[in-house]
Amino acid sequence: MKRSGSANDPLWYKDAIIYELPVKAFFDSNQDGIGDFGGLVQKLDYLQDLGVTCLWLLPFFPSPLRDDGYDISDYCNVHPAYGTLDDFRAFLDAAHGRDMQVMIELVVNHTSDQHPWFQAARQAEPGSPERNRYVWSDDDHKLGGARIIFTDTEKSNWTWDPVAKAYFWHRFFSHQPDLNFDNPDVLREVLDAMRFWLDQGVDGLRLDAIPYLVEREGTNCENLPETHAIIRQIRAALDESYANRMILAEANQLPVDVRPYFGEGDESHMAFHFPLMPRLFMALRLEDRQPILDIMADTPEIPASCQWGLFLRNHDELTLEMVSDRERDYMYLAYSADPRMRVNVGIRRRLAPLLDNNRRRIELLKSILLSFPGTPILYYGDEIGMGDNIYLGDRNGVRTPMQWSGDRNAGFSRALPARLYSPVLLDPVYGYQSVNVEAQLSDSSSLLHWTRNMIGLRKLFKVFGRGRIEFLRPSNRKILAYLRLSDKEQILCVANLSRFAQPVELDLARFEGVVPVEMLGYVEFPPIRSEPYRLTLGPYGYLWFELHAPAAPLRDLDGEPGEPVLAAGSLREALAVPARAAFERLLSTFLMRQRWFGRKSRVIDSVSVSDFADLPDLAAALLLLDVRYTEGDLESYFVPLVRVPTDRMLGMRDKHRDALLATCQGGQGAWFDAAVDDGFCQWLLGVIERGDKVRFARGTLAGVPGRLAQTLRGDSGEVLPASRSSAEQSNTSICYGEKLILKLFRRPSPGPNPDCEMVHHLSDECSFPHIPRFGGALEFVDRDGARFTLGMLQELVANQGDGWTWSLEELRLYYEAHAVEPASPAIIEASRRPILPLSEEPLPEVVTASMGLYLEAVATLGRRTAEMHLALAAQSENPAFSPQPFDKSDLSLLAHQFRERAGDALDELKSRLAALPDDLVELVGMLLARRRQVLDSFRRLEETDVALQKIRIHGDFHLGQVLRVRGDFVLLDFEGEPARAPEERRALQSPLKDVAGMLRSFSYSASAALASYLARRPQDADTLEPWARLWSKFASAAFLASYRAVAASAAFLPADSNTLARLLDAFLVDKAFYELDYELNHRPTWARIPLLGLLALVREPVGER
Amino acid sequence: MHDSNQRIATAAPAPPTTAEIVVGVPSCNHAGTVALVLRTAQTGLGEFGSGQSSLLVSADTQSSDGTREQVRGLRAENPLLRELGPTERAAGAASPGVEVRELRMILEQALQMRARACLVLDASLTSMAPDWVAQLVRPVLDEQFDMVVPCFARHKLDGGISNGIVYPLTRALYGKRVRQALGGVFALSSRLVERFLARRVWDIEVSALGTDARAMTEAICGEYAVCQVFLGPAEHAGSGSSLDLSSILAGVMGSVFDEMNRNVAFWQKVRGSQPVRWFGTPVEMGGNPPPVDAHKMWESFRLGCRTLQDVWAAVLPPATLLALKYLARDDAAGAGLADDLWARIVYDFALGYRLAVMNRGHLLRALTPLYLGWLASFVHEVGAAPAQDVERRVQQLSMVYEAQKPYLISRWRWPDRFNP
């Protein structure tokens, strides 16, 4: 029979709150200055009251204590300073009596050099069993692929032993020889030690330094298959004789490398998530959630019985081994101003000092720790905000005595202060007289009470330990928002990483009707609607919500007063002559309530149903409407409707009030926009996937499945739950699970839809991977043969936001960093240089230092853009995509077009001069004064002779049209510039139009972010303007360099720089006029940006040297 | 398990190894009534029907009043009556009380006998009728319920603690409308018996009055099917003589609050409440109800307001204290404690108990004057009303408890003293 641990549930560790403590530091019961088991027992009530459920004891075994007990000299005993084996058993009983589990250390990679095994080994003959318990060599060059971990103290992993007359292997200190797991005796001894402690009743074992058990030449000696084989044997021995126990692996590796330590549920039950911890700190300092999202995206699934161990701080340094060099440099600058704070590859500080003792920051990080997927591990003293002592050696500064009270020795011991194993903290901020348990217990607003309450709250909801996580991606990257989901519980967590209050709009449309209840105060918030859910969070604020199903409505089943009522029950009745007029009037008012109806400022003269399909089996109908405005023009709209029976009507009306067309007379339910009906959405998906045809009165709708339709939805055949995205304005987007998105084009126009056509081509014909792949389309053909695209099905790409928002955030950080740093003459000089020559030179160091990561990303974007153009330049049987020559005549035509558009724009500006805001007048005047120069600039195009290619292009390419996807980009929205005619958007053009679009976008984002920054701190204008120019120039240069490198031999790209410069200049100026027109008509306060851009372009062409 | 420590008195015929029904009586120190209860149960089992095999068990750990002799005397009449106990306590294990140990013996016996139903009776229940056995066991055997609890007939103003606190509170907490949650008598299905033993439900400390509260909350929180049976009046030997109101209130509320603390993760997610199925028909109470002196109760409340301010202030927020202060100015309970005020007071005491803001016994005793104030108000309002109206009023109060539950949850989760 297996011997059970103290917990009832075999998965107890998933719900645990683990508290890490060194026995020596906790409480001294015998006044010898060292904490002991007797003292620990006395403090168990405190730990129980705090709410922790599992105690992790740092090594308490006999040891010379040269590495705080991780140098063990006897595996099966207790260090006399801490008590006896009986004392340990008494402690274990007392902890179990309080329903607390106990985890101890199993340090098996190495022993102390004082361990009898090592002493015997060094005396024994080479090759003898005793000698072979450790790893020996005659020279110190073997296993050279293994890195040195304790870089501050060790120069080699080999140390000469004069007694053995050989080198012994050690991955840590030279007094900690590694055990030789190639010797079966070693594993047997280790298992005996494990069984000894499991027989005492311990519930968990932390396997220390687990990646290094086995060594092999030619490898880095980490994570070797042989090591995993050893761990599996340890686990098998545990499972064979014991139940409800747990193994926690310490493997300081990237998540993907830690994943094998779970095996298939046959290695460790738990493993630490090391790389998350520094990224939490990084995200907080950067006020940007991205580092967290990146590492979580890189975190693989683990077996169902396994669990991550999460922590903010522990007994070691804040390890920076698993971050990039640049991230490490940042962390050192951000969190260890004093070099004494650094040790090995990390920062030896406690939580509170790392966060400048800011209570809100501490709470924020703890709230994330307690709500992320995994088991939280608290380090002793962090519940009261204890500080550290960086003047103590090694990592001893974070291992000082627990501060119980303001009494002598912090209430930790009655010994003479000089006898204490470590001095207590005495400084005025973190010293024991300010920070101690007794004081915080008596203060109900203390960090201790806060921590206790939060632990209590976490323990109420198993979903925190066992549920899955889904991140939301609001545009404000200072907000970290995520859902914790299980079959029984749904929780929304929102955290503000910024030191200032932040607004956020969350797309929670899938929870429409659900009532969020703030969990700390049990406060009901307004129910979630289909539109974005708005919240405001205070500085470093965090909110946890339980998502409750709405209470059943108690109203009667009839419509509410004032709601439209339709006399007809069926669609055919509604369209019959007597009822039709009333029905079309209802449609008219219905349209005006829809977000996707973009002509609300205009007056509808009439709405008529131009064609329809009745779908009685679905109780649905598809309508095509002709909407005529009072000005006489006509537009088509696509409106699917569904009739919802009375029993579902009330719930639907509560959730989708604007989608209600009318209730039906006589209790026959109500007509709604069918896009809000899950059943209809599933049917629509089926139409595309099956390639069904739906007959209208006068035309036919056909589903057109894409080549990858089946791949995108997956093979499982599962129903992908439909939800409405709140992001779209002019279209309606329906998401299917996390895999597909269907865009319904509400205002279809005849002919191929450029977006659908491009995505289809790039995805199915070119297999271009950096777009949301094509899943299919809904094509309507009217009786005259005219085609309309009513919908496009695409891959739903998980992303980290669009490029525009990302750039603004990067720019905000950039401006904040440089606001106090006036640009040097070198920077001013660099910022004034034209783009093209800059793109042909190496980046100056000052630029890489301040924009490095952004430039790397922009280079990737340039590469993807070139790859897209290369794909579009491939020969195609589809004439719409077949490249054509682009020569002098095309340039002449372009020059003519550009000159005409620029002339019109300048005329328009002149005519509106009196009505423009004062701050624009001067700029407009300057531009008008350069009219001749502007128009003449296009003349250079006509003087150029080229033999290039024109191809299909994106057409409206800017940062808002790309998504950040795990360090890369996905390009989307191929509709072209909305203000251009459809045929122009589908025309073959020079891809330099796209390049120019993106270059303008870099300049635009730099100006927009600067304007936003200066609105708060106008005094920084002079300092930051050169920095803004620098950003714009070098982002453009990096993009261009990368683009040209990839497209170097393409027939669409001019080989010589002069031609390239002329073309780019012309496209840039044309684009800037397009922007100016747009801004003057939609956002006049933004017109300053394209105006400044135009003036700069006229002054400094991109290619001028 | 404790089987190895359990001494079973042997009887002459070969003891049965299985039984469909096990009826157990925790008997310790009930020499005056145990024979009556066992005989009635035996009769009840006899009347139950020929097809059911059964076993009657007396569990007695440490009687010193002759109970054991009484039981042995009965075994002459019924050789299948089994006597369990006493036990040796396992070294190092927590020491549960007598009631718990005896209950656990009965459950282990039921498990060992593979009983489909296990009925636990109260050894002091002198009013028990033989047909109660069938009424309590049938829903388990025939309707697949897991726990059956009684609803004893009462005079309309009897059961003030149940009406004013236990029923509304447990209903609001656990979402089940179990009218008399703490009846001291219950029947269990085999799967619930197994759960109780497997989860070591009785290893966790439970008070003398807390076994039925523990059983009830375990069943509801484990989402087992619970139902209620209308029975006649419950009369207990020695009731009302040995314990004063404060002790009874403290005992009952202590057990209810203990269960609250244990099951917090369950009840904090329960919203609203659902009816629980009834069996049988309500039994009319004969005779006149005992007189109730509302004025005396109100005076006790006023006295408490004058003398217990400091104690209450450790538990109740200032707005509540102020409301009580103004109420206590009235000579009579005319205005009375509003339902929402009363519900919040009970919730605040539950929180004070959880946080152990003072000695828990003292805290619970400090509730007595407040309870008397509520009871005086209740009697003042419905004393002259028919029984149905009194019941309706209790249901109304229960709805207020449910409506005030967010107050409890918010204070429980964030027990800041700085509140309104």
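All figures in this text were calculated on a predicted structure; none of them were measured in a lab.

Basis of the calculations
Residues numbered from 1 in each chain as written. Chains lettered and ligands numbered in written order. Predicted model: local features only at pLDDT ≥ 70, side-chain atom pairs only at ≥ 80, totals over all residues. Helix = DSSP H or I, 4+ residues; strand = E, 2+ residues; numbered from the N terminus. Buried ≥ 20, exposed ≤ 12 C-beta atoms within 10 Å, placed from the backbone. Contact = placed C-beta atoms within 7 Å. Axes fitted to C-alpha atoms, helices over the stretch in contact; angles between N-to-C directions. Parallel < 35°, antiparallel > 145°, perpendicular 65-115°, else oblique. Nonpolar A, V, L, I, M, F, W, Y, C, P; charged D, E, K, R; others polar. Core = buried A, V, L, I, M, F, W, Y, C linked by C-beta atoms within 7 Å. Pairing = 2+ DSSP bridges. pLDDT = per-residue confidence, 0-100. Expected span 1.5 Å × (residues − 1).

Caption draft 1: Here's a closer look at the overall build of chain B. Looking only at helices and strands, one finds 17 helices and 10 strands in chain B. Sorting the 420 residues of chain B into buried and exposed places 45% on the buried side. Partitioning the contacts of chain B with sequence separation of at least 6, the portion at a separation of at least 24 is 86%.

Caption draft 2: Geometry of the packing of helix 9 (residues 276-286) of chain A against helix 10 (residues 290-297) of chain A. Residues and elements named next belong to chain A. Two numbers describe how helix 9 lies on helix 10: the axes approach to 7 Å, and their chain directions differ by 155°. Judged by the angle between their axes, helix 9 and helix 10 are roughly antiparallel. Taken together, the residues of helix 10 that come into contact with helix 9 (itself represented by Leu276, Arg279, Leu280, Met282, Ala283 and Leu286) are Pro291, Ile292 and Ile295. A breakdown of the residues in the contact of helix 9 with helix 10 according to their chemical character gives eight nonpolar, no polar and one charged.

Caption draft 3: Broad picture of the interface of chain B and chain A. The interface is formed by 14 residues belonging to chain B together with 12 residues belonging to chain A. Counting only elements with at least two residues in the side of chain B that touches chain A, the list comes to helix 9 (264-267) and helix 17 (405-413) of chain B.

Caption draft 4: Molecular detail of the nonpolar core. Residue and element names in this part refer to chain A. Core analysis: the largest hydrophobic core is formed by 170 residues, its most contacted members being Tyr19, Leu55, Met103, Leu280 and Val494. The leading source of residues in this core is helix 9, at eight residues. In this structure, leucine 280 is in contact with Ile292, Leu312, Leu365 and Ile368, ignoring residues within four places of it in sequence. Counting 163 residues, the second-largest nonpolar core is a separate cluster that includes Phe638, Tyr815, Tyr854 and Ala1066.

Caption draft 5: Expanded view of the sheet that holds strand 8 (residues 226-233) of chain B. All names here are of chain B. Spatially, 3-2-1-4-7-5-8-10 is the arrangement adopted by the eight strands of the open sheet, whose pairing is mixed. The two strands at the open ends of the sheet, each matched to only one other strand, are strand 3 (81-84) and strand 10 (278-279). Here helix 3 (residues 98-112) sits on the sheet in contact with strand 1 (21-26), strand 2 (54-59), strand 3 and strand 4 (117-120), set at roughly 165° to strand 1.

Caption draft 6: Region of interest: the confidence of the model for chain B. Residue and element names in this part refer to chain B. Averaged over all residues, the pLDDT of chain B equals 86, while 90% of them reach at least 70. Contacts for the low-pLDDT stretch residues 1-11, under 50 throughout, to residues beyond four places or in other chains number 14 contacts. For residues 88-94, every residue scores under 50 in pLDDT, and the model assigns this stretch six contacts once sequence neighbours within four places are set aside.

Caption draft 7: Representation of the sheet that holds strand 15 (residues 346-347) of chain A in the model. Residues and elements named next belong to chain A. Pairing is antiparallel across the open sheet formed by three strands, whose spatial order is 13-15-14. A single partner strand is all that each edge strand has here, and the edge strands are strand 13 (318-319) and strand 14 (342-343). For strand 14 and strand 15, the ladder comprises two bridges, and the chain directions are antiparallel. The partner of valine 343 across the bridge, within strand 15, is glycine 346.

Caption draft 8: Region of interest: the pairing of strand 10 (residues 246-249) of chain A. All names here are of chain A. Neither face of strand 10 is open: one carries Met246 and Leu248, the other Ile247 and Ala249, and all of them are buried. Here four bridges tie strand 8 (residues 204-207) to strand 10, and the two strands are oriented parallel to one another. Note on strand 10: the bridge partner recorded for glycine 204 is methionine 246. Sheet topology places strand 10 next to strand 11 (residues 270-272); two bridges connect them, and they run parallel. Residue leucine 248 lies in a different strand from strand 11, and its bridge partner there is methionine 270.

Caption draft 9: The arrangement of the environment of tyrosine 134 of chain A in detail. Residues and elements named next belong to chain A. Looking at the element boundaries, tyrosine 134 is found in the loop between helix 5 (116-123) and strand 5 (136-137). Assessed through the 27 C-beta atoms surrounding it within 10 Å, tyrosine 134 is described here as buried. Distance from tyrosine 134 to histidine 110, taken between C-alpha atoms, is 8.7 Å for residues 24 residues apart in sequence. When neighbours within four sequence positions are excluded, tyrosine 134 is seen to be in contact with Phe118, Ala121, Phe168, Pro177, Asp178, Leu179 and Asn180.

Caption draft 10: Main features of the environment of leucine 355 of chain B. Residue and element names in this part refer to chain B. Here leucine 355 is to be found in helix 13 (residues 339-355). C-beta crowding within 10 Å serves as the criterion here: with 16 such atoms nearby, leucine 355 is assigned to the partly exposed category. Linking leucine 355 and asparagine 261, residues 94 residues apart in sequence, is a C-alpha distance of 10.0 Å.

Caption draft 11: Region of interest: helix 19 (residues 646-655) of chain A. For helix 19 of chain A, the complete set of buried residues consists of Met649, Leu650, Met652, Arg653 and Lys655 of chain A. Here the buried face of helix 19 of chain A lies against strand 28 (634-644), strand 29 (660-664) and strand 30 (670-673) of chain A.

Caption draft 12: The arrangement of the pairing of strand 32 (residues 700-705) of chain A in detail. All names here are of chain A. Across three bridges, strand 31 (residues 693-695) lies against strand 32 in antiparallel orientation. By the bridge assignment, arginine 695 is partnered in strand 32 with threonine 700. In textbook terms, the turn of a hairpin is the stretch between consecutive antiparallel strands, and for strand 31 and strand 32 this stretch comprises four residues. When strand 32 meets strand 36 (residues 774-781), the two strands line up antiparallel, connected through six bridges. Residue pairing for strand 36: proline 705 is matched across the bridge by glycine 776.

Caption draft 13: Structural detail: the environment of aspartate 678 of chain A. Along the chain, aspartate 678 of chain A falls in helix 20 (residues 678-690). Placed 43 residues apart in sequence, aspartate 678 of chain A and proline 721 of chain A show a C-alpha to C-alpha distance of 7.7 Å.

Caption draft 14: Up close: unusual backbone geometry. All names here are of chain A. The phi dihedral of leucine 143 falls on the positive side, at around 50°, and the residue is not glycine. Structurally, leucine 143 is set in the loop between strand 5 and strand 6 (158-161). For arginine 966, which is not glycine, the phi dihedral falls at a positive 50°. Assignment of secondary structure puts arginine 966 in the loop between strand 40 (962-965) and strand 41 (968-971).

Caption draft 15: View of helix 15 (residues 447-460) of chain A. For helix 15 of chain A, built from 14 residues, the straight-helix expectation of 20 Å at 1.5 Å per residue is met to within 8% by its first-to-last C-alpha distance of 20 Å. Where burial is concerned, most of helix 15 of chain A is hidden: 10 out of the 14 residues are buried. Regarding helix 15 of chain A, the residues found buried are Leu447, Leu448, His449, Trp450, Thr451, Met454, Ile455, Leu457, Arg458 and Leu460 of chain A. Buried residues in helix 15 of chain A make contact with helix 3 (44-50), helix 13 (359-371), helix 14 (437-441) and helix 16 (463-466) of chain A together with helix 9 and helix 17 of chain B.

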